[in-house]
Amino acid sequence: MVKNNDISFQFSVFDNNGNPLRITDYVIVWQVRKSYLSTPVISKDSRTGGIVMVNAEGGTFMVVLRAEDTVDIAPGSYFHEAILTDTGGKSVTLTDLGLDVGTFYLREQYAVQS
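Heads up: these notes are all about the structure in this document. (Residues numbered from 1 in each chain as written. Predicted model: local features only at pLDDT ≥ 70, side-chain atom pairs only at ≥ 80, totals over all residues. Heavy atoms only, no water.)

1. Thoughts on the overall build of the protein
No. 1: For the protein, the helix and strand inventory stands at zero helices and eight strands.
No. 2: Sorting the 114 residues of the protein into buried and exposed places 37% on the buried side.
No. 3: When contacts within the protein are restricted to residue pairs at least 6 apart in sequence, long-range pairs at least 24 apart make up 64% of them.
No. 4: Total accessible area on the protein stands at roughly 6,800 Å², and carbon and sulfur atoms take up 49% of it. (Helix = DSSP H or I, 4+ residues; strand = E, 2+ residues; numbered from the N terminus. Buried < 20%, exposed > 50% of the residue type's maximum accessible area, 1.4 Å probe, protein only. Contact = heavy atoms within 4.5 Å. Areas by Shrake-Rupley, 256 points an atom, 1.4 Å probe, with all protein chains shown as cover.)

2. Topic: the side chain of glutamine 31
No. 1: Here glutamine 31 shows up in strand β2 (residues 27-33).
No. 2: A relative accessible area of 14% places glutamine 31 in the buried class.
No. 3: Of the polar contacts made by the side chain of glutamine 31, one reaches the side chain of arginine 33; its length is 2.5 Å.
No. 4: In this structure, glutamine 31 is in contact with Pro40, Ile42, Ser43, Phe79, His80, Glu81 and Ile83, ignoring residues within four places of it in sequence. (Polar contact = N/O pair within 3.5 Å; in protein donor to acceptor, adjacent residues only side chain to side chain.)

3. Regarding the packing of aromatic side chains
No. 1: Under the criterion given, the structure shown has two aromatic pairs.
No. 2: Where phenylalanine 11 meets phenylalanine 61, the ring centres are 5.3 Å apart and the plane angle is 25°; that geometry is what we call stacked. You can see phenylalanine 11 sitting in strand β1 (residues 7-12) and its partner phenylalanine 61 sitting in strand β5 (residues 60-65), a full 50 residues away along the chain. Like phenylalanine 11, the residue phenylalanine 61 is buried in the burial classification.
No. 3: Against the face of tyrosine 78 rests lysine 34, its NZ or CZ located 4.5 Å from the ring centre. (Phe/Tyr/Trp six-rings, centres within 6.5 Å; stacked < 30°, edge-to-face > 60°. Lys NZ or Arg CZ within 6 Å of the ring centre and 35° of its normal.)

4. Re the pattern of salt bridges
No. 1: For the structure shown, the criterion picks out five salt bridges.
No. 2: Of the charged contacts, one joins aspartate 25 and arginine 22 as a salt bridge, the two residues approaching to 3.6 Å between their closest N and O atoms.
No. 3: Three or more residues are tied together by salt bridges with common partners; here these are Arg22, Asp25 and Glu57. (Salt bridge = Lys/Arg side-chain N within 4 Å of Asp/Glu carboxyl O.)

5. Re the sheet that holds strand β4 (residues 51-55)
Each strand in a sheet pairs with another by means of backbone hydrogen bonds, the pair being arranged parallel or else antiparallel.
No. 1: Reading across the sheet, the three strands line up as β1-β5-β4 and stay open at both edges, with antiparallel pairing between neighbours. Edge positions in the sheet fall to β1 and β4, since each has one partner strand and no second. Pairwise comparison of adjacent strand axes, ignoring direction, gives a mean angle of 25° for this sheet.
No. 2: In terms of strand pairing, β1 meets β5 through six bridges, oriented antiparallel. Within the sheet, the bridge partner assigned to glutamine 10 lies in β5 and is methionine 62. (Pairing = 2+ DSSP bridges. Axes fitted to C-alpha atoms, helices over the stretch in contact; angles between N-to-C directions.)

6. A short note on the pairing of strand β6 (residues 76-85)
No. 1: Counting buried residues in β6 gives seven out of ten residues, a clear majority hidden from the surface.
No. 2: In terms of strand pairing, β2 meets β6 through seven bridges, oriented antiparallel. When the bridges of β6 are listed, tryptophan 30 appears paired with alanine 82.
No. 3: Following β6, the chain reverses through five residues before pairing antiparallel with strand β7 (residues 91-93); glycine 89 in that reversal takes a positive phi of roughly 90°.

7. Looking at the nonpolar core
No. 1: Judged by nonpolar contacts, the single largest core of 21 residues is most densely connected at Ile23, Trp30, Phe61, Val63, Leu84 and Leu94.
No. 2: The set of elements that each furnish at least two residues to this core consists of β2, β5 and β6.
No. 3: Ignoring anything within four residues of it in the chain, the contact list for phenylalanine 61 reads Phe9, Gln10, Phe11, Val13, Ile23, Ile28, Ile51, Val52, Met53, Val54, Ala82 and Leu94. (Core = buried A, V, L, I, M, F, W, Y, C linked by side-chain atoms within 4.5 Å.)

Here it is, written out as structure tokens:
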């Protein structure tokens, strides 16, 4: 991911049987952290913005990052995860559902010289 650029990530969520998980009644929070237990440096929430339900019946959502989301973040490796919470308050992460969300690398945008 290039710092100070807009980007989006699309996720498709499946249950343990491989069927699309209906996420219409879920609140989704997507966070970026330096390590698993550190304070989030980016947080997006389906209630407040930054997460778009692409096909909630089919388990697909998109995280939308704007350039300003990464302005104050140092380049490097980061851990990211999505937490889905149903109307009963039960939470599950994408990792719990078998999706290896893992890490991504934030880098500076380099100027191209001619």
